[in-house]
Amino acid sequence: MSVPLLTVQHLTMRFGGLIAVDDVSFAASDRQITAIIGPNGAGKTTVFNCITGFYRPRVGRLALRAADGREFLLERMDGFRIAQQARVARTFQNTRLFPRMSVLENLMVAQHNRLMQASGYTLAGLFGVSVYRRARVEAVERARYWLERVQLLERANDEAKNLPYGAQRRLEVARAMCTEPVLLCLDEPAAGLNARESSELNELLLFIRDAHKIGVLLIEHDMSVVMKISDHIVVLDHGRRIADGSPAAVRNDPDVIRAYLGEEQDDELPGEVARDLGVGG
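This text gives an overview of the structure that appears in the document. (Residues numbered from 1 in each chain as written. Predicted model: local features only at pLDDT ≥ 70, side-chain atom pairs only at ≥ 80, totals over all residues. Heavy atoms only, no water.)

**What to know about the side chain of Asp 237**
For clarity, the threshold we go by: Put simply, DSSP H or I for four residues or longer makes a helix, DSSP E for two residues or longer makes a strand, and each gets a number counted from the N terminus. When accessible area is computed with a 1.4 Å probe and restricted to protein chains, residues below 20% of their type maximum are described as buried, those above 50% as exposed, and intermediate ones as partly exposed. This count recognises Lys and Arg as positive and Asp and Glu as negative, with His and chain-terminal groups excluded. Basic side-chain nitrogens of Lys or Arg form a salt bridge, by our definition, when they fall within 4 Å of a carboxyl oxygen of Asp or Glu. For this analysis, residues touch if any pair of their heavy atoms sits within 4.5 Å.
Counting through the fold element by element, Asp 237 comes out in strand S9 (residues 232-237). No salt bridge is formed by the buried Asp 237; its nearest oppositely charged neighbour, Arg 258, is found at 8.3 Å. Setting aside chain neighbours within four positions, we find Asp 237 in contact with Pro 39, Ala 42, Ile 242 and Ala 259.

The structure is reproduced here in structure tokens:
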């Protein structure tokens, strides 16, 4: 069996007397989409914050294994090193674009570290040496590639704040992909999207998985996104893992249904809940 891209073991995160994440373990594979779902307050974002370095857990092991065999213990690393060295990229629940920068500039900023290295930290860039010129051309090409993938190439020179909300969400994914991550972490990427925009997001994430062959880890409430594109689903409730498996196994798990309903139901699921979980026809 192949070694998982990300292995989370016994992750526990406390804030004073509150246990936000309680002994959670799961694995996320390379070239797969793994979704973390659960009711509000289940601990999903806290798990993300631990993986991406915003929180440093005192208990647990978060191991990311790169394609070259190197292992990064994320719980021991600062957030900026997780992004730079382990190559973990993240988006957030709320858009965090640079609103007054152009669409293209937002993607160029994502490649700042690579360009700074090529410039010799300004000297080569200042004198326009060939190494820096080549790196800048590659950065622009990479940005244009992702703008074309998210259907924003024609708006490359527009300020990011002038994009429709759905386009801003796609731009954030494109910006994350410009860092060439091995693990892409998406925090509710479908939040606020309409049905058409959610479908476009589905296509984009499947393209990233299949064409770029990286692992995708997402938190999402929109089950039309989760159930259609996920290879693997982890379900949290009150900080604990209550289910872990394929979409088919998870959608029919009684513990998952109880978590979403708040109580056990002997009768047929209400239509709204059944649609949300993707149960039935």
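**A look at the sheet that holds strand S10 (residues 240-245)**
Applicable threshold: When DSSP locates at least two bridges between a pair of strands, those strands are taken to pair. In this description, a line fitted to the C-alpha atoms serves as the axis of each element, helices being fitted only across the stretch in contact, and the angle between N-to-C directions of two axes falls anywhere from 0 to 180 degrees.
Read across the sheet, six strands follow the order S6-S7-S8-S3-S9-S10 without closing on themselves; strand pairing throughout is mixed. At either margin of the open sheet sits one strand with a lone partner, and together these are strand S6 (88-90) and S10. Between one strand and the next, the sheet's axes are offset by a mean angle of 15 degrees, whatever the strand orientation. With three bridges joining them, S6 and strand S7 (residues 183-187) adopt parallel strand pairing. Each residue of the ladder has a partner; that of Val 88, found in S7, is Leu 183. Contacting strand S3 (33-37), S6, S7, strand S8 (215-219) and S9, helix H1 (residues 44-51) runs over the sheet at an angle of about 140 degrees to S8. Where helix H8 (residues 195-212) meets the sheet, it contacts S3, S7 and S8, and its direction lies at approximately 135 degrees from that of S3.

**A short note on the pattern of salt bridges**
Scanning all chains against the criterion turns up 17 salt bridges. When the shortest N-O distance is used, the salt bridge between Glu 75 and Arg 76 registers 3.9 Å. Residue class for Glu 75 comes out buried when judged on its relative accessible area of 11%. We classify Arg 76 as exposed; its relative accessible area is 63%. Residue Glu 200 is joined to Arg 170 by a salt bridge in which the shortest nitrogen-to-oxygen separation is 3.4 Å. In this pair, Glu 200 sits in helix H8 while Arg 170 sits in helix H7 (residues 165-177), placing the two residues 30 residues apart along the sequence.

**Some points on the packing of aromatic side chains**
Applied cut-off: Aromatic pairing here means that ring centres of Phe, Tyr or Trp (its six-membered ring) are within 6.5 Å. Orientation follows from the plane angle: under 30 degrees is stacked, over 60 is edge-to-face, and everything else is tilted. Only lysine NZ and arginine CZ atoms are considered, and such an atom sits over a ring when it is within 6 Å of the ring centre and within 35 degrees of the ring normal.
For the coordinates displayed, the defined rule picks out four aromatic pairs. Plain terms: the ring middles of Phe 54 and Phe 92 are 5.5 Å apart, the flat faces sit at 85 degrees to each other, and that makes the pair edge-to-face. Here Phe 54 is found in the loop between H1 and strand S4 (59-65), whereas its partner Phe 92 is found in the loop between S6 and helix H3 (103-109), with 38 residues between them in sequence. Here Phe 54 falls in the partly exposed class, since its relative accessible area comes to 48%. A cation over a ring is seen here: Arg 96 above Phe 92, with NZ or CZ 3.9 Å from the ring centre. Of note, Arg 149 hangs over the ring of Phe 207, and the distance from its end group to the ring centre comes to 3.7 Å.

**Regarding the sheet that holds strand S2 (residues 18-28)**
One open sheet holds the four strands; their spatial order is S2-S1-S4-S5, and the pairing between them is antiparallel. A strand with exactly one partner marks an edge of an open sheet, and here the two such strands are S2 and strand S5 (71-73). Ignoring which end each strand starts from, the neighbouring axes of this sheet average 20 degrees apart. Note that strand S1 (residues 6-15) and S2 share seven bridges and pair antiparallel.

**Observations regarding the packing of helix H6 (residues 130-149) against H8**
Our working rule: Comment on the angle field: the value is read as roughly parallel under 35 degrees, roughly antiparallel over 145, roughly perpendicular from 65 to 115, and oblique elsewhere.
The N-to-C vectors of H6 and H8 enclose an angle of 135 degrees; their axes lie 11 Å apart at closest approach. Between H6 and H8, the angle falls in the class oblique. Contacts from Tyr 145, Trp 146 and Arg 149 of H6 reach H8 at Leu 204, Phe 207, Ile 208 and His 212.

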